[in-house]
Amino acid sequence: MQREEILLSNFYDVQASLAAACKRAHRDPSSVTLLAVTKYAKDEDVLALLRKHLLQDVAESRVQQAYARWHQNPLFAPFTQVKKHLIGHLQKNKAAKAAVLFDWIDSLDDFETARLLSIHAPQGKILRALVQIKLTDKASQSGLPLAQARRLAAQLKGAFANVQICGYMAVAPQGAGESALRRLFGQVADAFKADFQQVPHAQLSLGMSEDFVWAVEEGSTLPRIGSLLFNRNLEGI
Ligand SMILES: *Cc1c(COP(=O)(O)O)cnc(C)c1O
């Protein structure tokens, strides 16, 4: 198979798994948005899916890489409707650039960073943001423990004119089994329901290639999928 055929079949496989997970959980498939994680993907592969209008939301983990691709590469310029999400940790000294480049900051974990984003957002732009919850004790993992994340979300609601807090994002601990993951996802989903029920554009971003089916069954609205789209069956092709 050609590279593009493999990419398309990866994409449709992920969509079918998402639809099946929604069905099992009695959820409307239109309540779940696929967030395509492009951080390891080749430009050509991302462009192939963009040209077929298959990607509505994309995620990058580094500001600099996103800038090079989405701001400096003319091949990406036509795709202005695609929503760009930042899913990696945002350093304060990159907040100004991020506020211009991204539509969503899904990895917010600090009040001052939100203030900087609001100050630097271009006139008329409302940046949407998720507070990142940390589900492990690992120091290297960013985000805040659940209770602290909920406190930050409450503080941020309505605090800044150009940043709207819309929900939570969390990364599952590596190597946890199905029941432990479902329990963690369920806890975050309960907090999300309690805290963001009435919020327009609310999103709960749980699940990656390895665990998105469980995450969607537990209530994720924005699973983040990279390797199943852009790596699977593509090595050496
Ligand atoms: C890289 C990354 C993903 C995508 O992971 P895959 O396992 O490749 O699907 C999702 N979320 C975050 C925060 C990431 O950094």
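Refer to the preceding data block for the structure.
Residues numbered from 1 in each chain as written. Predicted model: local features only at pLDDT ≥ 70, side-chain atom pairs only at ≥ 80, totals over all residues. Heavy atoms only, no water.

On to the pairing of strand S5 (residues 127-134), then. Along S5, seven of the eight residues are buried, which leaves the element largely enclosed by surrounding structure. Pairing between strand S4 (residues 104-108) and S5: three bridges, direction parallel. Residue Leu-108 lies in a different strand from S5, and its bridge partner there is Val-131. With helix H5 (residues 111-120) bridging S4 and the parallel S5, this β-α-β connection has right-handed handedness. By the bridge criterion, eight bridges tie S5 to strand S6 (residues 163-171) in an arrangement that is parallel. In the strand pairing of S6, Val-131 is matched with Tyr-168. (Buried < 20%, exposed > 50% of the residue type's maximum accessible area, 1.4 Å probe, protein only. Helix = DSSP H or I, 4+ residues; strand = E, 2+ residues; numbered from the N terminus. Pairing = 2+ DSSP bridges. Right-handed = clockwise from strand over helix to strand, strands pointing away.)

Let us look at H5. For H5, the complete set of buried residues consists of Thr-113, Ala-114, Leu-116, Leu-117 and Ser-118. Looking at the buried positions of H5, the neighbouring elements they touch are helix H4 (95-101), S4, S5, helix H6 (146-156) and S6. Measuring from the side-chain oxygen of the N-cap residue of H5 to the backbone nitrogen of Glu-112 gives 3.3 Å; that N-cap residue is Asp-110. (Contact = heavy atoms within 4.5 Å. Polar contact = N/O pair within 3.5 Å; in protein donor to acceptor, adjacent residues only side chain to side chain.)

Around the ligand, the neighbouring residues are Val-37, Lys-39, Ile-87, Val-171, Met-208, Ser-209, Arg-224, Ile-225, Gly-226 and Ser-227. Ser-209 places a polar side-chain atom, nitrogen or oxygen, 2.5 Å from an oxygen atom of the ligand. Look at the ligand: alone it shows 390 Å² of surface, and the protein chains cover 85% of it. Of the residues belonging to the shell around the ligand, the class tally is five nonpolar, three polar and two charged. (Near = heavy atom within 4 Å. Areas by Shrake-Rupley, 256 points an atom, 1.4 Å probe, with all protein chains shown as cover. Nonpolar A, V, L, I, M, F, W, Y, C, P; charged D, E, K, R; others polar.)

Here we take up the side chain of Ser-107. Inspection of the secondary structure assignment puts Ser-107 in strand S4. Among the polar contacts listed, one links the side chain of Ser-107 to the backbone oxygen of Gly-88, at a separation of 2.6 Å. Other than its neighbours up to four places away in sequence, Ser-107 contacts Leu-86, Ile-87, Gly-88, His-89, Leu-130, Gln-132 and Met-169.

Moving on to helix H3 (residues 63-72). Listed as buried for H3 are Val-63, Ala-66, Arg-69 and Trp-70. Looking straight down H3, one finds that the buried residues subtend no more than 140° of arc, so they occupy a single side. At its buried positions, H3 is contacted by helix H2 (43-51), strand S2 (57-60), strand S3 (83-86) and H4. (Arc of directions from axis to C-beta.)

Turning our eyes to something else, we now look at the sheet that holds strand S7 (residues 203-205). Here we have eight strands laid out as an open sheet, ordered S7-S6-S5-S4-S3-S2-S1-S8, and parallel in their pairing. The outermost strands of the open sheet, each flanked by one partner alone, are S7 and strand S8 (224-225). Here two bridges tie S3 to S4, and the two strands are oriented parallel to one another. Across the sheet, Leu-86 pairs through a bridge with Ile-105, a residue of S4. Relative to the sheet, helix H7 (residues 178-196) contacts S5, S6 and S7, its axis offset from that of S6 by approximately 170°. (Axes fitted to C-alpha atoms, helices over the stretch in contact; angles between N-to-C directions.)

Tallied over the full model, the rule gives five aromatic pairs. Taking the centre distance of 5.5 Å and the plane angle of 85° together, the rings of Phe-11 and Tyr-12 count as edge-to-face. The class of Phe-11 is buried, set by a relative accessible area of 1%. The interplanar angle of 50° and the centroid separation of 5.1 Å between the aromatic rings of Phe-111 and Phe-160 together place this pair among those described as tilted. Of this pair, Phe-111 sits in helix H5 while Phe-160 sits in the loop between H6 and S6, and the two are 49 residues apart along the sequence. The class for Phe-111 is partly exposed, based on a relative accessible area of 34%. Three or more aromatic residues joined by ring pairs make a cluster, and in this case those are Tyr-168, Phe-192 and Phe-196. When the ring centre of Tyr-67 is taken as origin, the NZ or CZ atom of Lys-97, which lies over that ring, is 4.0 Å away. When the ring centre of Phe-196 is taken as reference, the NZ or CZ atom of Lys-157 above it lies at 4.6 Å. (Phe/Tyr/Trp six-rings, centres within 6.5 Å; stacked < 30°, edge-to-face > 60°. Lys NZ or Arg CZ within 6 Å of the ring centre and 35° of its normal.)

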